[in-house]
Structure formats: C-alpha cells, structure tokens
Amino acid sequence: MAYYQDQKFKIHPEVYTPAEDSFLIADNLDVRKDEEVLEIGTGCGLLAILAAQAGAKVLATDVNPKAIECAKENAQDKGVADQIEFKLGDLFKPIGERKFDLIIFNPPYLPVSRSELTGIQLEKAWAGGSTGRKIIDRFLDDLLIHLEPEGRSLFVQSSLSGIRETFKKLHQMELQVTTKTEKLSFERIYLFQVSKA
C-alpha cells in the first residue's frame, strides 16, 4: 500500500511505489473541473486519480501493463474509473495527436548504465539511461505538440540528470517556467511547472 493524505493506494510488486517525487507533484497539482489531463507513466494511478477527483477528464498511460492494471483497480476503488481512460504505451505514442490542458509526468530520471540494469519491468520507472536524460529529452521534444494553446505541464527531475540542460531546452521552447525543489539525501528533486502562456 501507498498513502497520500487520507487516501491509500494498492501497489503491485512490479509497479513503482509513489515517493517524494510523486508527492511533490501531488502537493502542487492544480486541476480545474472539466480540464483534459494527460498523465504519462501513471504507475499506481495516484496523480491521475487526484486529477479525476478534482473533476478533470484524464488519460493515463504507462509502458508497464502491471501499472495499468494496478491504476485501473485503484481508480475503481476511488470511484473515478469512468473519468480516466487508460492506455498502454511509451510516452506520447498511445495518444495520437490529442492535446491537453495539463500534462503530468514523473519520468525515469536516474543515471543508470546498461551494466547496472537487470531487465525487470520496474526499472523502466526510474532508469533514465547513462545521463538520466534519455526519457526526459524525448518527453520535452514532443511536449509542445500535445499542449493546448494555454496548456501547462508539471514534471519532476533529479539534480543528478542535467538540470541546466532542461532549463535551456525550456527557454528555447519559449515556455514560462517556475520551479520548486525538495532536498533528499543524495539529490535534489526539481518540480518544473511550465506553460505556454
């Protein structure tokens, strides 16, 4: 089980357990009624469920089929299953050309060499390639395509995976950027809040 505020969420053994990075997004999740929200890498469904509880229409994706099963079960338990559509797939691939008011992502951002990987499904939740940027860069490359004209995004990243490079990319994309940070034992987690307007 994982707990956020007064809610508990079931966690499958092969699904990422929400931690400080997920909770940093959750604590800063500002969702308006009837907004179209995309959560990439939904895991147990925590953030998608919080968005649905706020009245949003949510599309939640994950590359891990066990995560989709787990998130569906949690959404059912919380009474918001009819507000969340679930799709299996990598980053933006499952959504076609759809655009959203808010895109949420807790990406795999830890630098990990190939020799450190064991091949288990759960590694996809945190392993970000040798620099930690493998998934973040792919996400940023396609982010603007899927944001509505006044759309925004919330995502997190570790200080271990090239924060300056992310700021540079966001500046080149002409996005408005604000950040919050949380210090952990061996890294600092950055929450990026970005918008077109």
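Everything numeric here is computed off the predicted structure, so don't read it as measured data. (Residues numbered from 1 in each chain as written. Predicted model: local features only at pLDDT ≥ 70, side-chain atom pairs only at ≥ 80, totals over all residues. Heavy atoms only, no water.)

A.B. asks: Would you explain helix α1 (residues 20-27) in this entry?
C.D. replies: For an α-helix the count is 3.6 residues per turn, leaving residues at separations of three or four pointing the same way. What α1 keeps buried is the set Asp21, Ser22, Leu24, Ile25 and Ala26. Buried residues along α1 sit against β1 (2-4), α2 (46-53), β6 (100-105), β7 (147-158), β8 (176-183) and β9 (188-195). (Buried < 20%, exposed > 50% of the residue type's maximum accessible area, 1.4 Å probe, protein only. Helix = DSSP H or I, 4+ residues; strand = E, 2+ residues; numbered from the N terminus. Contact = heavy atoms within 4.5 Å.)

A.B. asks: Sorry, what's going on with the side chain of histidine 146 here?
C.D. replies: Topologically, histidine 146 is positioned in the loop between α4 (134-143) and β7. Within the local environment of histidine 146, its side chain forms a polar contact with the backbone oxygen of arginine 98, the two atoms lying 2.9 Å apart. When residues no more than four places from it in sequence are discounted, the contact partners of histidine 146 are Phe92, Ile95, Gly96, Glu97, Arg98, Lys99, Phe100 and Ile103. (Polar contact = N/O pair within 3.5 Å; in protein donor to acceptor, adjacent residues only side chain to side chain.)

A.B. asks: Looking at this structure, how should I read the pairing of strand β5 (residues 84-88)?
C.D. replies: On any regular strand, side chains alternate: one points to one face of the sheet, the next to the other face. The pairing of strand β4 (residues 57-62) with β5 spans 5 bridges and is classified as parallel. Paired with alanine 60 across the two strands is phenylalanine 86, which belongs to β5. At this point the chain moves from β4, through helix α3 (residues 65-77), to the parallel β5, and the crossover so formed is right-handed. (Pairing = 2+ DSSP bridges. Right-handed = clockwise from strand over helix to strand, strands pointing away.)

A.B. asks: Which parts of the structure should I look at to understand the nonpolar core?
C.D. replies: Within soluble globular proteins, side chains that are nonpolar generally end up buried alongside one another. Val37, Val58 and Ile84 are the most contacted members of the largest nonpolar core, which totals 35 residues. Those elements giving two or more residues to this core turn out to be α1, α2, β4, α3, β5, β6, β7 and β9. The biggest single contributor to this core is α2, with 7 residues. Sequence-distant contacts of valine 37, defined by excluding residues within four places in its chain, comprise Val31, Ala51, Ala56, Lys57, Val58, Leu59, Phe100, Leu102 and Ile104. (Core = buried A, V, L, I, M, F, W, Y, C linked by side-chain atoms within 4.5 Å.)

A.B. asks: Would you mind going over the pairing of β8 with me for this structure?
C.D. replies: Of the pairings in the sheet, the one linking β8 to β9 comprises 8 bridges and is antiparallel in character. Across the sheet, residue threonine 178 finds its bridge partner in β9, namely glutamine 193. Taking the residues between adjacent antiparallel strands as the criterion, β8 and β9 are bridged by 4 residues.

A.B. asks: Mind showing me how you'd approach the environment of phenylalanine 92 here?
C.D. replies: Looking at where phenylalanine 92 falls in the secondary structure, it is placed in the loop between β5 and β6. By relative accessible area, phenylalanine 92 is classed as buried at 6%. Residues phenylalanine 92 and phenylalanine 139, 47 residues apart in the sequence, show an inter-C-alpha distance of 7.9 Å. When neighbours within four sequence positions are excluded, phenylalanine 92 is seen to be in contact with Leu38, Ile40, Ile103, Phe139, Asp142, Leu143 and His146.

A.B. asks: Before we go on, may I ask you to explain the environment of glycine 151 in this structure?
C.D. replies: Examined against the element boundaries, glycine 151 turns out to sit in strand β7. Not counting residues up to four positions away in its chain, the partners in contact with glycine 151 are Phe100, Asp101, Val194, Ser195 and Lys196.

A.B. asks: Honestly, the pattern of salt bridges in this entry has me stumped. Any pointers?
C.D. replies: Where charged atoms from two side chains of opposite charge come close, those side chains can pair. The tally for this structure, following the rule as stated, stands at 14 salt bridges. A salt bridge links glutamate 85 to lysine 87; its shortest N-O distance comes to 3.7 Å. Glutamate 85 gets classed as partly exposed once you look at its relative accessible area, which sits at 33%. With a shortest N-O distance of 2.8 Å, arginine 133 and aspartate 137 are connected by a salt bridge. (Salt bridge = Lys/Arg side-chain N within 4 Å of Asp/Glu carboxyl O.)

A.B. asks: What should I look at first to understand the packing of α1 against α2 in this one?
C.D. replies: Angle between the axes and distance between the axes: these two values describe a pair of packed helices. Contact pair α1 / α2: the axes reach a minimum separation of 10 Å and the direction vectors enclose 15°. One way to sum up the angle between α1 and α2 is to call them roughly parallel. The way α1 lies across α2 gives a crossing that is right-handed. Between α1 and α2, the residues in contact are Ser22, Phe23, Ile25 and Ala26 and Leu46, Leu47 and Leu50, respectively. Looking at side-chain class alone, the contact of α1 with α2 contains 6 nonpolar, 1 polar and no charged residues. (Axes fitted to C-alpha atoms, helices over the stretch in contact; angles between N-to-C directions. Parallel < 35°, antiparallel > 145°, perpendicular 65-115°, else oblique. Left-handed = near helix turned anticlockwise from the far one by under 90°. Nonpolar A, V, L, I, M, F, W, Y, C, P; charged D, E, K, R; others polar.)

A.B. asks: Help me understand the environment of lysine 72 in this model?
C.D. replies: Mapping lysine 72 onto the fold places it in helix α3. Separated by 12 residues in sequence, lysine 72 and alanine 60 place their C-alpha atoms 9.6 Å apart.

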